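As a plain string of letters, each chain reads:
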Amino acid sequence: MDEQAKAQTAQAEEVTIFDKIVAKEIPATIIFEDDSCMAFRDVNPVAKVHFLVIPKDRKGLTQLCKADETHEAMLGHLMVVAAKVAKQEGLDETGYRVVINDGKDGCQSVYHLHIHVIGGQLLSWPPGV
Ligand code: AMP
């Protein structure tokens, strides 16, 4: 099933696959970790470099549309970590793309907020239908 089809049936779950990665119950290539967040390589990369940045505890952030003022610090931290890890991956010289998919139309398939960081090669634009 491709990502678009998968996203049409995906829904919020009590425990997501990303919770299992945080708990180290399933393997992932973790490239950054601190007390509150983690970055790991996407298992199905869409470019030479593709990693995800997630909060360890989603705290209601199943998706971006659930964000409120209580999430401001975490959302800011995730962006700063995305930039830090992009630099660690050598992407800062040539650029990269940061994406958050939200809900069915946004093709979100895992309901644990995550930032995609994609790069390592020239990307096409615009995305869309
Ligand atoms: P989204 O469609 O924005 O919800 O993105 C979910 C992403 O998680 C997809 O790009 C998947 O390839 C990725 N993914 C799903 N399971 C895993 C996993 N076990 N390890 C790493 N990435 C995963």
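First, a word on scope: everything that follows refers to the structure included in this document. (Residues numbered from 1 in each chain as written. Predicted model: local features only at pLDDT ≥ 70, side-chain atom pairs only at ≥ 80, totals over all residues. Heavy atoms only, no water.)

## Observations regarding the site of the ligand
- Asp42, Asn101, Ser109, His114 and His116 are the nearest of the 17 residues found near the ligand.
- At 2.7 Å from an oxygen atom of the ligand is found a main-chain nitrogen or oxygen belonging to Ser109.
- Contact between the ligand and Val110: an oxygen atom at 3.0 Å from a main-chain N or O atom of the residue.
- Here the ligand has 500 Å² of accessible area as a free molecule, and 90% of this is covered by the chains.
- Mapping the ligand onto the cavity grids shows that it belongs to the largest pocket.
- Contributions of two or more residues to the shell around the ligand are made by helix 2 (17-22) and strand 2 (37-41).
- Tallying contributions element by element places helix 2 first for the shell around the ligand, with three residues.
- Of the residues assigned to the shell around the ligand, the class counts are eight nonpolar, six polar and three charged. (Near = heavy atom within 4 Å. Polar contact = N/O pair within 3.5 Å; in protein donor to acceptor, adjacent residues only side chain to side chain. Areas by Shrake-Rupley, 256 points an atom, 1.4 Å probe, with all protein chains shown as cover. 1 Å grid on protein atoms, 1.4 Å probe; cavity = no way out; pocket = protein on both sides within 12 Å on 5 of 7 lines; lining within 4 Å. Sits in = over half its atoms within 2 Å of the grid points. Helix = DSSP H or I, 4+ residues; strand = E, 2+ residues; numbered from the N terminus. Nonpolar A, V, L, I, M, F, W, Y, C, P; charged D, E, K, R; others polar.)

## What to know about the layout of surface pockets
- The calculated volume of the largest pocket comes to roughly 1300 Å³.
- Lining of the largest pocket is provided by 41 residues; of these, Glu3, Val46, His50, Asn101 and His116 occupy positions nearest its centre.
- Residue composition of the lining of the largest pocket, by class: 21 nonpolar, 13 polar and seven charged. (Points joined across faces, edges and corners; volume = space filled by probe spheres on them.)

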